[in-house]
Amino acid sequence: MQLCVALDLPTKEENLDLVHKIKEYDIWLKVGLRSYIRDGEEFLRDIKKINPDFKIFLDLKLYDIPNTMADAAESIMGLGVDMFNVHASAGKRAMQEVMDRLKKYENRPIVLAVTALTSFNEDEFAKVYEASIAQKADQFAKDAYESGLDGVVCSAYESASIKNITNKDFMTLTPGIRPFGEDAGDQQRVADVAYAKSAYVDFIVVGRPIYKSDDPALVVEKILQSL
Ligand SMILES: O=C(O)c1cc(=O)[nH]c(=O)n1[C@@H]1O[C@H](COP(=O)(O)O)[C@@H](O)[C@H]1O
């Protein structure tokens, strides 16, 4: 299991300060909407300058018509990131078109599909998708698997079932991790590291419990020890 740290701080300087503090560790870094919209490609280069070995997950959650998603995926290829994500609810045709467009590249990034956002509880989710989280997450994962993606974003609670109905090598990346029982914030389906491990999760994503701590490096170290 790998740790992916979310760089969701309010400014580029604060994000880079965090990256400096945790530069010694074998971890992934996640660049999300706010950071990428504000700081763009230069921010990705700044991260690599601090440690070229950092792997970067560009979390832009693409959701559009198939051709537009494939165009965006192809532009992401040029950024040199190691992983990006799309929304499974964009449909199989869109996911297939993304993968088809990336076929010609030798070293394409890992492509994941978001199933059920970890901020949803059952009631909120049913209002949008008219199904239970478990049922729909399985369905979205099957669609992503059949479309040739590498894995999905889900909560730790859906991971084992998704592996079971697809393949054990089909990756799961789970945000909403509260390693040592920290505040859930806006997350609904939170789990700790032990649970994620028991659910065969490949990547845990941790943001606030690390960057809001007084000693982010110590939290990273404790998480890595518990993996
Ligand atoms: O795709 C994601 O990374 C993602 C999907 C999801 O279902 N839930 C979710 O929280 N995320 C992201 O994971 C991070 C979680 O951050 P914390 O709740 O602060 O640990 C945020 O950057 C979210 O944008």
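Residues numbered from 1 in each chain as written. Predicted model: local features only at pLDDT ≥ 70, side-chain atom pairs only at ≥ 80, totals over all residues. Heavy atoms only, no water.

Participant: What's the story with the overall build of the chain in this structure? I'm lost.
Facilitator: Helix and strand counts for the chain stand at 10 helices and eight strands. Within the chain, the fraction of its 227 residues that count as buried is 52%. Taking as baseline every contact in the chain between residues at least 6 positions apart, the subset at least 24 positions apart corresponds to 70%. Total accessible area on the chain stands at roughly 10,600 Å², and carbon and sulfur atoms take up 47% of it. Side-chain charges of the chain comprise 28 positive and 37 negative groups, with the mean position of each set lying 2 Å from the other. (Helix = DSSP H or I, 4+ residues; strand = E, 2+ residues; numbered from the N terminus. Buried < 20%, exposed > 50% of the residue type's maximum accessible area, 1.4 Å probe, protein only. Contact = heavy atoms within 4.5 Å. Areas by Shrake-Rupley, 256 points an atom, 1.4 Å probe, with all protein chains shown as cover. Lys, Arg positive; Asp, Glu negative; His and termini not counted. Charge placed at Lys NZ, Arg CZ, Asp CG, Glu CD.)

Participant: Whenever I open this one, the packing of helix α1 (residues 12-21) against helix α2 (residues 33-50) confuses me. Can you help?
Facilitator: Packed helices, taken two at a time, are described by the angle their axes make and the gap between the axes. Where α1 meets α2, the axes come as close as 10 Å, and the angle between the chain directions of the two elements is 30°. Judged on the interaxial angle alone, α2 and α1 are roughly parallel. Two packed elements cross with a definite hand, and for α1 against α2 that hand is right-handed. Between α1, through Lys 12, Asn 15, Leu 16, Val 19 and His 20, and α2, the contact on the second element is made entirely by Ser 35, Arg 38, Asp 39, Glu 42, Phe 43, Asp 46, Ile 47 and Ile 50. (Axes fitted to C-alpha atoms, helices over the stretch in contact; angles between N-to-C directions. Parallel < 35°, antiparallel > 145°, perpendicular 65-115°, else oblique. Left-handed = near helix turned anticlockwise from the far one by under 90°.)

Participant: How should the packing of helix α4 (residues 92-102) against helix α6 (residues 133-146) be read in this particular structure?
Facilitator: Two elements in contact, α4 and α6, have axes separated by 9 Å at closest approach and are oriented at 35°. For the element pair α4 and α6, the recorded crossing hand is right-handed. Between α4, through Lys 92, Met 95 and Gln 96, and α6, the contact on the second element is made entirely by Asp 143, Ala 144 and Glu 146. Taken together, the residues of the contact of α4 with α6 break down into two nonpolar, one polar and three charged. (Nonpolar A, V, L, I, M, F, W, Y, C, P; charged D, E, K, R; others polar.)

Participant: What am I meant to see in the pairing of strand β2 (residues 28-31) here?
Facilitator: Looking down a regular strand, the side chains alternate between one sheet face and the other. A two-sided burial pattern is seen for β2, the buried positions comprising Trp 28 and Lys 30 on one face and Leu 29 and Val 31 on the other. Of the strand pairs in this sheet, strand β1 (residues 2-6) and β2 are connected by three bridges, and their pairing is parallel. In the strand pairing of β2, Val 5 is matched with Leu 29. In this fold, β1 hands off to α1, which returns the chain to β2; that crossover is right-handed. With four bridges joining them, β2 and strand β3 (residues 55-62) adopt parallel strand pairing. Residue pairing across strands places Leu 29 opposite Ile 56, the latter belonging to β3. This β-α-β element, β2 to α2 to β3, shows right-handed connectivity. (Pairing = 2+ DSSP bridges. Right-handed = clockwise from strand over helix to strand, strands pointing away.)

Participant: How should I be thinking about helix α3 (residues 66-77) in this particular structure?
Facilitator: Since the α-helix advances by 3.6 residues per turn, residues separated by three or four positions end up pointing in the same direction. The end-to-end C-alpha separation of α3 is 17 Å, in line with the 16 Å expected for 12 residues at 1.5 Å each. Taken as a whole, α3 has its buried residues at Pro 66, Met 69, Ala 70, Ala 73, Ile 76 and Met 77. For α3, the arc enclosing every buried residue in end-on projection is 115°, short of the 170-degree limit, so these residues lie on one face. (Expected span 1.5 Å × (residues − 1). Arc of directions from axis to C-beta.)

Shape is all these values report; function is a separate question.
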